[in-house]
Amino acid sequence: METAHPAGRSWLWLILLIPYIALLWLPFYNDTRPSFAGFPFFYWYQFLWVPLTSLLIYVVYRGLK
Amino acid sequence: MSGSIPVNPVAMAVFIFFFLLVTVVGFFAARWKAGDLTQLHEWGLGGRQFGVVISWFLVGGDFYTAYTVIAVPALVYSVGAYGFFALPYTIIVYPFVFAVMPKLWQIANAKNHITAADYVQGEYGGKWFPAAVALTGIVATMPYIALQLVGMQVVIRGLGVNGELPLVIAFVILALYTYTSGLRAPAMIAFVKDIMICIVVIAAVWLIPAKLGGYGQVFDAADHFFKAKGGATGILLKPTQFTAYASLALGSALAAFMYPHTMTAVLSSSSAATVRKNAIFLPAYTLLLGLIALLGYMAIAAGIHVKSASDVVPALFGTLFPSWFVGFAAAAIAISALVPAAIMSSGAANLFTRNLWRPIVSPDMSSSSEASTAKIVSLVVKFGALLFIVFLPTQYAIDLQLLGGVWILQIFPAIVFSLYTRRLNTPGLFLGWLVGITLGSGLAISQGLKPVFALHLGDATYPLYIGLIALAANIVVTFSISAVTPKRVNDIV
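Quick notes on the rules
- Residues numbered from 1 in each chain as written.
- Chains lettered and ligands numbered in written order.
- Predicted model: local features only at pLDDT ≥ 70, side-chain atom pairs only at ≥ 80, totals over all residues.
- Heavy atoms only, no water.
- Helix = DSSP H or I, 4+ residues; strand = E, 2+ residues; numbered from the N terminus.
- Areas by Shrake-Rupley, 256 points an atom, 1.4 Å probe, with all protein chains shown as cover.
- Contact = heavy atoms within 4.5 Å.
- Buried area = accessible area lost by both parts, 1.4 Å probe.
- Polar contact = N/O pair within 3.5 Å; in protein donor to acceptor, adjacent residues only side chain to side chain.
- Nonpolar A, V, L, I, M, F, W, Y, C, P; charged D, E, K, R; others polar.
- Pairing = 2+ DSSP bridges.
- pLDDT = per-residue confidence, 0-100.
- Expected span 1.5 Å × (residues − 1).
- Bend = angle between axes of the 7 residues up to and from the residue.
- Buried < 20%, exposed > 50% of the residue type's maximum accessible area, 1.4 Å probe, protein only.
- Patch = residues over 30% accessible without salt bridge, like charges linked within 9 Å, V, L, I, M, F, W, Y side chains within 5 Å.
- Salt bridge = Lys/Arg side-chain N within 4 Å of Asp/Glu carboxyl O.

Trainee: Explain the overall build of chain A here, please?
Mentor: Helices and strands together make up the secondary structure of chain A, namely two helices and zero strands. Surface summary for chain A: the accessible area is close to 3700 Å², and the carbon and sulfur share equals 70%.

This is the structure in structure tokens:
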């Protein structure tokens, strides 16, 4: 759906796909280790993707301005 | 835990205080950013003038509902890691919102569209397919409103009050201020709601693990609990749950902004840039949601036992917190039911008025009679939901809400693909929608109203979210039929 954008920097839109890959590929993070502050990996990894996703969207937002 | 809890006067007083506060706010909201409330875009979209901050509170208040606060920890408490799909779901929804919704906002603003079905009508003309889109939205939203009531019922029961009377009172108040103030009421109440929920969650995730010996202890306790329990539970997923977890997250994310209430919240923004900026900041709520989900494990670690898993949050708070805070938390959750319920009922009312009543029954409607019809329909919708909860088993609402998610996903091609391609037409979209709805409902019913169907491909079995399977069939049909039938007529705009 990103390709329809006429702007020259349309590759930027691909950045938005990163969270999908990171969170929908379960074998990658379905583990207890390494744990962090008592949180098994499965949990803190998903929590970590909240600010990371915000950041990636921000990068795209700035890049397209 | 029925009837056994005595009513605590302090908790009750705090609860009633905050409830009265939002009632006053709700009625006062009519005068806020004053507009002509006899016009539907003023009543139903707050005049499309909400900037980044108000929109942030509104979407947050609307999307993260009371039912979420009750149901997500309940699922985590019952099955563990699997219940956490709400977290990836509410993360990956935002890149989608960022990429797609501003575009929809621009078209809706330019053509004064108020609903998703308006947009479909504007793109493809006709009245029957837009009516089908509208009907899908209404039918998917009704059980969702009913579940907000369930959320409210659970917290009121947690305060030791049984029976339906408090629920009826709360809903009459809600109905009245939505009637007078329209979308301005939930927008203003959302401020109070989001701040209260934030306080409750931060206090809970800070204080409860401290009482239970830290997060390590909480996860250990949950781990032991699920090992003893057995089955498809645990603090990690079983490999057989991977595709179910991922497809539920993805399917829910694609469905989330097809609902009338989320669509309304997006369209009420003041600009496409507002929508974009909010996609950056809205994930903050997802952190809260993830922490709320952890309450399920905390309840396990605290040794909470409940007959119905949905009582787990009130039971946890009731056990560990002083009574004034119990009242505050209960009010926060109850108010979390009011905001989405108000927006859902006005979203459904807008659909009914603009895309069913006006085109099919009363084409010569004036714009002020449009607004007054929508106001009355929003009352009908709310009382429908109330009657549903009072007279029918809660399980019906839960089952219907699940089906509603499958159904609403079937308008995705008409809304989203239409923004990017001109290759689709009404016959293709209509047939695709029909196939998706039929297949999705059929699969869900064949599974005893469970959201997941085990798809066999060769030797392997992949359990997948039914909504996504139906959407795939829908997309194939939509594109094939569109390819072999004439192009859409009102092409050159």
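Trainee: Just checking my understanding: could you explain unusual backbone geometry for this structure?
Mentor: Among all residues save glycine, negative phi is the norm, and among peptide bonds the norm is trans. Here Arg33 of chain A and Pro34 of chain A are connected by a cis peptide whose omega angle stands at -10°. Although it is not a glycine, Arg48 of chain B adopts a positive phi angle of roughly 50°. Here Arg48 of chain B shows up in the loop between helix H2 (40-45) and helix H3 (52-63).

Trainee: Honestly, the interface of chain A and chain B in this entry has me stumped. Any pointers?
Mentor: Quite often, the size of an interface is put as the accessible area lost when its parts meet. Across the contact, 31 residues belong to chain A and 35 residues belong to chain B. Buried area between chain A and chain B, summed over both chains or domains, comes out near 3100 Å², and the portion from carbon and sulfur atoms is 82%. Taken together, the connections running from chain A to chain B amount to seven residue pairs in polar contact (both at pLDDT 80 or more). At the level of secondary structure, the elements contributing two or more residues to the side of chain A that touches chain B comprise helix H1 (18-24) and helix H2 (41-64) of chain A. The dominant element in the side of chain A that touches chain B, judged by the number of residues it contributes, is H2 of chain A, at twelve residues. Classifying every residue of the side of chain A that touches chain B by side-chain character gives 23 nonpolar, six polar and two charged.

Trainee: Help me understand the pairing of strand S1 (residues 452-457) of chain B in this model?
Mentor: Within a regular strand, the side chains alternate between the two sheet faces. All names here are of chain B. Across six bridges, the pairing between S1 and strand S2 (residues 460-465) is antiparallel. Considered in S2, the bridge of Ala454 is made with Pro463. Hairpin remark: S1 followed by S2, antiparallel, with two residues in the connecting loop; positive phi at Gly458, about 65°.

Trainee: Which parts of the structure should I look at to understand the confidence of the model for chain A?
Mentor: Segments scoring low in pLDDT should not have their predicted coordinates read at a detailed level. Scored by pLDDT, chain A comes out at a mean of 88, with 86% of its residues at no less than 70. Note on residues 1-5 of chain A: pLDDT is under 50 here. Beyond four places in sequence and across chains, it has seven contacts.

Trainee: Help me out: how do you make sense of helix H16 (residues 323-361) of chain B in this one?
Mentor: All names here are of chain B. Between its first and last C-alpha atoms H16 spans 53 Å; for 39 residues at 1.5 Å apiece the expected length is 57 Å, and the two agree. Remark: the principal bend of H16, roughly 30°, maps to Thr353. Taking burial as the measure, the 39 residues of H16 include 31 buried ones, the bulk of the element.

Trainee: It is not clear to me how a nonpolar patch on the surface should be interpreted in this structure. Could you clarify?
Mentor: Taken together, the side chains of Trp11, Leu14, Leu17 and Ile21 of chain A make up a nonpolar region of the molecular surface, amounting to roughly 440 Å² of accessible area. Within the secondary structure, Leu14 of chain A is located in the segment before H1.

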